[in-house]
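Chain residues, written in single-letter form:
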Amino acid sequence: MVDIVIIGAGVIGSFVARSLSKYQLSICVTDRHIDAAMGASGANSGIIHAGYDAIPGTLKAKFNIEGSDMMEKTCEELNVPYKKTGSLVIAFNDEEISKIQEMYDHGTKEGIRDMSLISKEQVLTLEPNLSPEIKGALLAKTAAIVSPYKLNINALENAVRNGVEFLREHTVLGIKKEKEVFSVITDKGTLTCRMVINCAGLYADEIARMVGDDSFKIIPRSGEYILLDKSEGTLVNHVVFQAPTMEGKGVLITSTVDGNLLIGPDAKEIKDKDERDTHRSSIDYVYKKGLQTTDKLLLHKSVTIFTGVRATPDKGDFIIEESRYCKGFINVAGIESPGLSSAPAIGNHVALIVKSIIGDISEKENYSMTLEKKKYFSEMNEEEKKEAILKNPLYGKIICRCESVTEGEIIDSIHQKAGAVTIDGVKRRTRAGMGRCQGGFCLPHVMDILSRELKVDKDKIQKGDEGSYILTGRTRQ
Ligand SMILES: Cc1cc2nc3c(=O)[nH]c(=O)nc-3n(C[C@H](O)[C@H](O)[C@H](O)COP(=O)(O)OP(=O)(O)OC[C@H]3O[C@@H](n4cnc5c(N)ncnc54)[C@H](O)[C@@H]3O)c2cc1C
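Residues numbered from 1 in each chain as written. Predicted model: local features only at pLDDT ≥ 70, side-chain atom pairs only at ≥ 80, totals over all residues. Heavy atoms only, no water.

**Student:** Can you explain the overall build of the protein chain? Please cite residues and give values.
**Tutor:** Counting secondary structure elements, the protein chain contains 12 helices and 22 strands. Its C-alpha atoms give the protein chain a radius of gyration of 22 Å, within 12% of the compact-globule value 23 Å for 477 residues. Taking the principal axes of its C-alpha atoms as reference, the protein chain extends roughly 65 × 60 × 45 Å. Taken over 477 residues, the protein chain has a buried fraction of 55%. (Helix = DSSP H or I, 4+ residues; strand = E, 2+ residues; numbered from the N terminus. Rg over C-alpha atoms; globule rule 2.2 N^0.38 Å. Buried < 20%, exposed > 50% of the residue type's maximum accessible area, 1.4 Å probe, protein only.)

**Student:** Tell me what's going on with the site of the ligand, and back it up with residues and numbers.
**Tutor:** Asp31, Ser41, Ile47, Ile335 and Ser341 are the nearest of the 36 residues found near the ligand. For the ligand, an oxygen atom lies 3.1 Å from a polar atom in the side chain of Asn44. Between Ile335 and the ligand, the recorded distance is 2.5 Å, taken from a backbone N or O atom to an oxygen atom. Notes on the ligand: free accessible area 1000 Å², of which the protein chains cover 96%. Going through the elements one at a time, α1 (11-20), β18 (302-313) and α8 (339-358) are the ones with two or more residues in the shell around the ligand. Class assignment for the residues of the shell around the ligand results in 15 nonpolar, 17 polar and four charged. (Near = heavy atom within 4 Å. Polar contact = N/O pair within 3.5 Å; in protein donor to acceptor, adjacent residues only side chain to side chain. Areas by Shrake-Rupley, 256 points an atom, 1.4 Å probe, with all protein chains shown as cover. Nonpolar A, V, L, I, M, F, W, Y, C, P; charged D, E, K, R; others polar.)

**Student:** Help me get a handle on the layout of surface pockets, residues and values and all.
**Tutor:** By volume, the second largest pocket is sized at about 1200 Å³. If you go around the second largest pocket, you meet 49 residues; those closest to its centre are Gly42, Ala43, Phe306, Lys427 and Arg428. Residue assignment for the lining of the second largest pocket shows that the elements contributing at least two residues are β8 (144-146), α5 (148-161), β18, α11 (423-430) and α12 (443-454). Counting residues per element, the lining of the second largest pocket draws most heavily on β18, at six residues. Residues of the lining of the second largest pocket, tallied by class, amount to 20 nonpolar, 19 polar and 10 charged. (1 Å grid on protein atoms, 1.4 Å probe; cavity = no way out; pocket = protein on both sides within 12 Å on 5 of 7 lines; lining within 4 Å. Points joined across faces, edges and corners; volume = space filled by probe spheres on them.)

**Student:** Could you give an account of helix α3 (residues 94-109), naming the residues involved and the relevant values?
**Tutor:** Between its terminal C-alpha atoms α3 stretches 23 Å, which fits the 22 Å expected from 16 residues at 1.5 Å a residue. Buried residues of α3: Ile100, Met103, His106 and Gly107, and no others. Down the axis of α3, the smallest arc covering the buried residues is 110°, so these residues share one side. Seen from the buried face of α3, the exposed residues on the opposite side, beyond 90 degrees, are Asp94, Glu95 and Lys109. Where α3 is buried, its residues contact β5 (87-91), β6 (115-119) and β7 (136-140). The backbone nitrogen of Glu95 lies 3.2 Å from a side-chain oxygen of the residue at the head of α3, namely Asn93. Within two residues after α3, Gly111 carries a phi angle of roughly 75°, on the positive side. (Expected span 1.5 Å × (residues − 1). Arc of directions from axis to C-beta. Contact = heavy atoms within 4.5 Å.)

**Student:** Explain the pattern of salt bridges residue by residue, including any values.
**Tutor:** A complete count under the given rule lists 32 salt bridges for this structure. We note a salt bridge from Lys386 to Glu383, for which the minimum N-O separation is 4.0 Å. One end of the pair, Lys386, and the other, Glu383, are both in helix α9 (residues 382-391), three residues apart, so they sit about a helical turn from each other. Like Lys386, the residue Glu383 is exposed in the burial classification. A single network of salt bridges, built from pairs that share partners, joins Asp205, Glu206, Arg209 and Lys273. (Salt bridge = Lys/Arg side-chain N within 4 Å of Asp/Glu carboxyl O.)

**Student:** Give me empty space enclosed by the protein: which residues, what numbers.
**Tutor:** Taken as a whole and assessed by the stated rule, the structure comprises one cavity of 30 Å³ or more. One number sums up the size of the largest cavity: a volume of about 50 Å³. A domain-level breakdown of the lining of the largest cavity finds at least three residues from each of domain 1 (1-83 + 144-217 + 314-373) and domain 2 (87-141 + 219-313). (Domains from an automatic or database assignment.)

**Student:** I'd like a description of the environment of Val240, backed by residues and values.
**Tutor:** Structurally, Val240 is set in strand β14 (residues 239-242). Overall, the relative accessible area of 0% leaves Val240 in the buried class. For the pair Val240 and Ile253, spaced 13 residues apart in the sequence, the C-alpha separation amounts to 5.2 Å. Apart from residues no more than four positions distant in its own chain, Val240 is found in contact with Leu88, Ile90, Glu127, Leu130, Val251, Leu252, Ile253 and Thr293.

**Student:** Summarise the sheet that holds strand β4 (residues 82-83); cite the residues concerned and give the values.
**Tutor:** The antiparallel open sheet is built from three strands, whose spatial order is β3-β8-β4. Each of the sheet's edge strands pairs with one partner strand only, and the pair in question is β3 (47-48) and β4. Here two bridges tie β3 to β8, and the two strands are oriented antiparallel to one another. Residue pairing in the sheet places Ile48 in a bridge with Ala144 of β8. (Pairing = 2+ DSSP bridges.)

**Student:** Describe the state of the cysteines, listing the residues and the values that go with them.
**Tutor:** Structurally, a disulfide amounts to a covalent bond that connects the sulfur atoms of two cysteines. Summed over the entire model, instances satisfying the criterion amount to zero disulfides. In this model Cys442 remains outside any disulfide bridge; the closest cysteine sulfur is found in Cys400, 4.3 Å from its own. For Cys442, a relative accessible area of 3% gives the class buried. (Disulfide = S-S within 2.5 Å.)

**Student:** Break down the nonpolar core for me, with residues and values.
**Tutor:** In terms of nonpolar packing, the biggest core is built from 53 residues, with Leu20, Ile197 and Val332 touching the most fellow members. Looking at which element gives the most residues to this core, the answer is α8, with eight residues. Beyond its immediate chain neighbours, meaning those up to four positions away, Val332 contacts Ile12, Ile197, Asn198, Cys199, Ile319, Ile320, Ile346 and Val350. Among the nonpolar cores identified, the runner-up in size contains 27 residues, and Phe182, Ala200, Leu202 and Ile218 belong to it. (Core = buried A, V, L, I, M, F, W, Y, C linked by side-chain atoms within 4.5 Å.)

**Student:** Would you mind going over the side chain of Glu336 in detail, with residue names and values included?
**Tutor:** Here Glu336 is to be found in the loop between β20 (329-333) and α8. Contact partners of Glu336, with chain neighbours within four places excluded, come to Lys60, Arg221, Ala311, Thr312, Pro313 and Phe318.

Shown next as structure tokens:
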């Protein structure tokens, strides 16, 4: 029996686990996937919103602003790429000018720093590649970009180093409660605990229903993106949003922390929560909308397209509270955008809810809220590279040529506490396979390294979840 079972190893479950990992509690995090960051947290825009667009007084506004304030320090503690680029919401007509005025007023009411409404001339000085049709913009200097999957993976890694257990491929199928003890039934056995924290993203409503709580519904809404090559990464300096519509924040253009250019997303209600297809119609829409912002987008420079799915709550706001229907069961649900921006603040808040239920909990004698400082090999200067190779000669062997990822880095990513066990796991931790050739060159090498380090046959190595094998057997004996 453990004290707490957290369902979901997305960015929210991982930050909840991290915030609780400093206390004397036994905790496990279960996820239906083989790794962390395989839900919405691994496929989104990666923007730390300034916080002006949530309605004042909502949980979204509160946690966005708190999380955005915490993010730079949190990324430093967790060794996650972070860049304060600032953001622009551009307006093309009078209606959109009133919309950005409204957002400015929201932000001012919430006390957001460094915001201003700027003229067309000022926009084009900051962003010379944008459309001359622009009439003005809202500039928010505190907005930033991060690596979303790194933020998720490193928060979980930190929690696991502090003693939290990560149970991969443990799908929760049912929950029973008897005499203050929960039995969390998974496809790999039953876990017993005193408290359950529901961070199951798209499935949070179904998990809540397992304890008789049907107070909310989660509606899946997909968003598709185009990622362009690093040659295009300097087209814009800020995150550039169009004025929001009823469907959401609209199509944005931003560089990523790794130097690519991201365009998207659209917003479409879908039926199947597990659908991750990309569609010609969505990609055409995203590209066309992007061209309104700048006509310099070159579609033939795309390296990949992908889809993320939002967990939109029917209540319109985040749901973060002990369930009214089941004591000891905490919902952290409906965490759509700005959930990534809010994650560190939500983690701390949930720890306070846990303390209010359990009573005072002592801190562990030994815990740390930081991971060791580590640069990608590709970011090191010549001296640092020499030193790294001297310490470990495998840092001198490049495996991924596009991103200059070394064998040493790949091995380290596998042997972390919550390390990589798949090709995609290595990719998200090291960037091997994220470059222009999308793994065409390095994939067989990464597979060899995974097979050797994990001591499993090559034909057992998967790209991602169960069944995604790369090899099926020998063609010649
Ligand atoms: C297209 C898009 C763009 C976005 N852009 C931004 C942005 O720029 N900035 C921002 O702040 N936010 C953004 N967001 C929102 C942000 O991505 C989410 O708020 C955040 O990732 C939610 O994290 P989560 O942990 O709640 O969900 P998830 O990451 O989906 O994690 C939930 C986890 O629960 C697990 N799970 C589900 N059911 C079970 C079960 N039965 N048993 C075990 N495990 C289970 C899943 O496998 C999954 O890993 C965006 C979202 C999308 C989709």
